[in-house]
Amino acid sequence: MTHIDAGAGPAEVHPVRAPVRAGGLTAAEVAERVARGQVNDVPVRSSRSLTEIVRANVLTRFNAIIGVLWLIMLFVAPIQDSLFGFVILANTGIGIVQEWRAKQTLDSLAVIGEARPTVRRDGVAAEVGTGEIVLDDLLEVGPGDKIVVDGVCVEADGLEIDESLLTGEADPVLKRPGATVMSGSFVVAGGGAYQAAKVGREAYAAQLAEEASRFTLVHSELRTGISTILKYVTWMMVPTAVGLVVSQLVVKHSALKDSVARTVGGIVPMVPEGLVLLTSVAFAIGVIRLGRRQCLVQELPAIEGLARVDTVCLDKTGTLTEGGMDVSELRALDGYDEAYVRRVLGALGESDPRPNASLRAIIDAYPDSEEWRCVESLPFSSARKYSGATFSEGDGQASTWLLGAPDVLLPDGSPALAETGRLNERGLRVLLLARAGGDLDDPGITRSVTPAALVVLEQRLRPDAAGTLGYFTAQNVRAKVISGDNVVSVGAVAAKVGLTGTAVDARRLPADRDGMARVLEEGTVFGRVTPRQKRDMVGALQSRGHTVAMTGDGVNDVLALKDADIGVSMGSGSEATRAVAQIVLLDNSFAGLPSVVAEGRRVIGNITRVATLFLVKTVYSVLLALLVTAWQVEYPFLPRHLTLLSTLTIGVPAFFLALAPNTERARPHFVRRVMRYAVPGGVVAAVATFAAYLVARHHYTGPGSLEAETSAATLTLFLVSMWVLAIIARPYTWWRIALVAAMGAAFLCVLVVPGLQRFFALQLVGTTLPWVAVGIAAVAAAALELLWKWVGRRFPA
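This one's a predicted model, so the numbers in the text were calculated from it and none came from an experiment. (Residues numbered from 1 in each chain as written. Predicted model: local features only at pLDDT ≥ 70, side-chain atom pairs only at ≥ 80, totals over all residues. Heavy atoms only, no water.)

## Looking at the overall build of the protein chain
Across its full length, the protein chain carries 28 helices and 23 strands. For the protein chain, the proportion of its 797 residues judged to be buried stands at 56%. When contacts within the protein chain are restricted to residue pairs at least 6 apart in sequence, long-range pairs at least 24 apart make up 73% of them. Just so you have it, the protein chain exposes about 32,200 Å², and 58% of that area is on carbon and sulfur atoms. (Helix = DSSP H or I, 4+ residues; strand = E, 2+ residues; numbered from the N terminus. Buried < 20%, exposed > 50% of the residue type's maximum accessible area, 1.4 Å probe, protein only. Contact = heavy atoms within 4.5 Å. Areas by Shrake-Rupley, 256 points an atom, 1.4 Å probe, with all protein chains shown as cover.)

Here it is, written out as structure tokens:
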């Protein structure tokens, strides 16, 4: 026999279970279920295991190619020509270590941010880990709590549950005892308790996705772009390598070992293996840095996404203001006695088991007199903008009261609204206490209310809000405050933290997306925004090409957080908010957001910068192989030469450049932005190097001529590659200049130290050809400068 909730989908079918006692399971019953394995033991993995990390870093397509070539070189050539294999081993080891450190950081943060539902056992409510829930447990829930396992509602006090993450329907569903509740949904209003009917892998949410953070390097423009580039490189590499092998082994009839060594020397630099590694390392280090700032990155591409953000939508409460409030004034209206009003407020506070920040301030200011008895209550909902309760007063009379937004409860032109407006202009939050003439469940109850008092609340501004907004302004990121509060009050608060601009009442926003987008472009502060409107506003901004980040900590922010390009939640926010956000600020500090933006910009901007270095090498390697094949000459380099050049002009500099500060906002079209410079740079380097090599072949004759020719070609290629590095390193700072100079000094050491000359088989013969090589490199450098400027104008990013 099954129980099916009205309107439920096929997943919402639960076996009917014997109802549990109001006090929940006993310790003995819990132990019995644990012994039977009826535990919510869904494995929570916040990152890849060590085995998966090692496998992902070692078993790659390019490592396989390099590994085979390395084994060949170990048998046919001196150890100097096998250095590229040791470099790959070192790089792979670095990648594994960095990702392991990132895993440890994520794992520790995931534990801090893990949800702990409230379970009632032996009549006592206590928080437990989600993995400790057993079948038939009685779980208490309130606003913002996520339904962690499938179950059946046992107690309900105005319980409204949002199932949009499961069904796509934004309207909350009112739940009564006996109704089905689904894991993955969350409470938006009211409270209650439900009995766990499905736990572990049987629960619906467990079938959809894991609850924890994931260390993933996929589904981002950066990773997709690099994969696309590597795919085309592979296609170019195979036929080019075949042609090179044929030309070196068959056409030239060279000695086998020397031919093999030069063939491998031509193939190895075609592989931009360091680019993938450096991207992984940059992301991993980004996770570690953000972890130290108490930022939990639940989806790694969020680092990249936030770097591309140009609009940040801020919910006022929890971001510009702290969660707590204080009652600063109580103004009785229409002749109501203030002492009586205080009793009403005290009773209202007592009637809600899960008060929000506003009601918590009222509870602190007006304790319950215990003379009034709550007959019926209506929890606060961000869609309604008010809460309410019906009381049996101490003298036996019954009364119904509402507490909420004055502009929602009162008609236009009401004197109390004018007073509210003046208070709002000072940045104060105002709630209206009103006596209702109808029943709480009457949809038109607000049409028959009598104002009793204005409750004036003072919000606590976050000390870091002004500095954070100033950062976004300096970074050309537009901030928009979106709040459910009165627009005048929100505007005053925004002005206090330095945010100026037009304030708009969201109730007057156009319904169509284009019209809404036009108003959003012009406005800065938006008040009286409903949860659905927040979602629509995010979509409207995205329709204009904006990359939108949404911050918030309340249940009413969930839909907008889910649809935004990047959702950012406070660690103290509701469980539902943290579940859908890509980034959680565990220390609840809005000031942590600039760190995340800066980290994303550092990673994306620097990877785009150094990717050009790697792909210039790939382009000139492929083109040199084609030129050698066409001219039927020996390949000019041994593997040791290109290992030296790659280390000094790409490997070492790229590592430092990838970790350098970078505040430039990330721009789209990664592949186009990289290739527009890599192709002309690689062509110039290949043509200049091959020209120097051909001149040297005509100049040198006799024994040892090939080594002299190789030395001249190596000098040319190094100088051109150094100029590419010098361009990439701009704008110069002292350490960038020092980095480029150090690489040049290292190569000079190789040329002048006899032991290094012999080790790398580099010796410049005479003075004519070395200076010719320098001259060719100088011409190539000038051509690079002209091409770089022309490409920047012809193909703007």
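Right, picking up where we left off after that structure.
## With respect to unusual backbone geometry
Omega for the peptide link from R730 to P731 comes to -5°, which places this bond in the cis form. Along the chain, P731 falls in the loop between α25 (705-728) and α26 (734-752). Phi is positive for D122, which is not a glycine, with a value near 55°. Here D122 is to be found in the loop between β3 (118-121) and β4 (124-127). Judged by relative accessible area, which is 48%, D122 ranks as partly exposed. The backbone of N476 sits at a positive phi, close to 60°, despite the residue not being glycine. Counting through the fold element by element, N476 comes out in the loop between α16 (465-474) and β18 (478-482).

## Some points on the sheet that holds strand β19 (residues 502-505)
Pairing between the strands of a sheet is mediated by backbone hydrogen bonds and can be parallel or antiparallel. Read across the open sheet, the eight strands follow the order β10-β23-β22-β21-β11-β18-β20-β19; overall the sheet is mixed. Taken across any chain shown, the strands that pair with only one partner, and hence form the sheet edges, are β10 (295-297) and β19. When strand polarity is set aside, the average angle formed by the axes of neighbouring strands in this sheet is 20°. Sitting on the sheet, helix α17 (residues 487-496) is in contact with β18, β19 and β20 (523-527), with an inclination near 135° to β20. (Pairing = 2+ DSSP bridges. Axes fitted to C-alpha atoms, helices over the stretch in contact; angles between N-to-C directions.)

## Thoughts on the environment of T130
In this structure, T130 sits in the loop between β4 and β5 (138-141). Given a relative accessible area of 16%, T130 falls into the buried group.

## Points about a negative patch on the surface
On the surface, a cluster of negative charge is made up of E376, D439, D441 and D442. When you line up the elements, D442 lands in the loop between β16 (429-436) and β17 (449-461). (Patch = residues over 30% accessible without salt bridge, like charges linked within 9 Å, V, L, I, M, F, W, Y side chains within 5 Å. Salt bridge = Lys/Arg side-chain N within 4 Å of Asp/Glu carboxyl O. Lys, Arg positive; Asp, Glu negative; His and termini not counted. Charge placed at Lys NZ, Arg CZ, Asp CG, Glu CD.)

## Focus: the side chain of S185
You can see S185 is positioned in the loop between β8 (180-181) and β9 (186-198). Classification of S185 by relative accessible area gives buried; the value is 0%. In this structure the side chain of S185 is engaged in a polar contact, spanning 2.5 Å, whose partner is the backbone oxygen of M182. (Polar contact = N/O pair within 3.5 Å; in protein donor to acceptor, adjacent residues only side chain to side chain.)

## Here we look at the pattern of salt bridges
With the rule as written, the count across this model stands at 19 salt bridges. Ionic pairing is found between E419 and R331, a salt bridge with its closest N-O pair at 1.8 Å. A residue pair is termed long-range when its members are at least 10 positions apart, and E419 in helix α15 (residues 415-424) and R331 in strand β12 (residues 321-332) qualify at 88 residues. Look at the salt bridges and you will find they share partners, linking D407, D505, R507, R508 and R528 into a network.

## Some details on the nonpolar core
Of all hydrophobic cores here, the largest spans 126 residues; its most connected members are L306 and F747. Ignoring any residue separated from it by four or fewer positions in sequence, one finds F747 in contact with L644, L645, L648, T714, L715, F718 and L762. Membership of the second largest hydrophobic core comes to 24 residues, among which are F186, V548, V558 and A564. (Core = buried A, V, L, I, M, F, W, Y, C linked by side-chain atoms within 4.5 Å.)

## A word on the packing of helix α24 (residues 670-699) against helix α28 (residues 768-794)
Two elements in contact, α24 and α28, have axes whose closest approach is 10 Å; the angle formed by their N-to-C orientations is 160°. One way to sum up the angle between α24 and α28 is to call them roughly antiparallel. α24 and α28 meet at a crossing whose hand is right-handed. Taken together, the residues of α28 that come into contact with α24 (itself represented by R676, Y677, P680, G681, V684, A688, A691, A692, V695, A696 and H699) are T768, L769, V772, I776, A780, L784, L787, W788, V791 and G792. For the contact of α24 with α28, a count of residues per class yields 16 nonpolar, four polar and one charged. (Parallel < 35°, antiparallel > 145°, perpendicular 65-115°, else oblique. Left-handed = near helix turned anticlockwise from the far one by under 90°. Nonpolar A, V, L, I, M, F, W, Y, C, P; charged D, E, K, R; others polar.)

## Some remarks on the pairing of β16
Within a regular strand, side chains alternate between the sheet's two faces. For β16, a buried count of seven out of eight residues is recorded, marking the element as mostly surrounded by other parts of the structure. Direction of pairing for strand β15 (residues 398-404) relative to β16: antiparallel, over a ladder of five bridges. Following the sheet pairing, G404 is matched in β16 by L432.

## Concerning the packing of aromatic side chains
Applying the stated criterion across every chain, the model contains eleven aromatic pairs. Between F718 and F747, the ring centres sit 3.9 Å apart and the planes meet at 10°, which makes this aromatic pair stacked. Of this pair, F718 sits in helix α25 while F747 sits in helix α26, and the two are 29 residues apart along the sequence. Overall, the relative accessible area of 4% leaves F718 in the buried class. The exposure class assigned to F747 is buried, which follows from its relative accessible area of 3%. Three or more aromatic residues joined by ring pairs make a cluster, and in this case those are Y336, Y340, W372, F391 and W401. (Phe/Tyr/Trp six-rings, centres within 6.5 Å; stacked < 30°, edge-to-face > 60°.)

## Looking at the side chain of N606
When you line up the elements, N606 lands in helix α22 (residues 593-631). If we ignore the near neighbours within four places in the chain, the residues touching N606 are R601, L657, A658, L659, A660 and N662.

## Looking at α16
Every buried residue of α16 is listed here: A465, T468, L469 and F472. For α16, the angular spread of buried residues about the axis comes to 95°, placing them on one side. Of the exposed residues in α16, those oriented more than 90 degrees away from the buried face are G467, T473 and A474. (Arc of directions from axis to C-beta.)

## Looking at the confidence of the model for the protein chain
Averaged over all residues, the pLDDT of the protein chain is 80; the fraction at 70 or higher stands at 88%. When mean pLDDT is taken per element in the protein chain, α26 scores highest with 93 and strand β1 (residues 2-4) scores lowest with 32. Between residues 1-15, whose pLDDT stays under 50, and residues either more than four places distant or in other chains, the model counts 32 contacts. Here residues 208-219 scores under 50 on pLDDT; set against residues more than four positions off or in separate chains, the count is 39 contacts. (pLDDT = per-residue confidence, 0-100.)

## As for the environment of V233
Turning to its location among the elements, V233 is positioned in helix α7 (residues 221-251). Not counting residues within four places of it along the chain, the set of residues in contact with V233 comprises M270, P272 and T618.

## Quick word on a nonpolar patch on the surface
A grouping of L71, L74, F75, I79, F86, L89 and F759 is seen on the molecular surface, where their side chains present a nonpolar patch of about 700 Å² in accessible area. When residues of the nonpolar patch are traced back to their parent elements, those giving at least two are α3 (61-76) and α4 (83-112). Here the nonpolar patch takes three residues from α3, the largest share from any one element. Mapping L89 onto the fold places it in helix α4.

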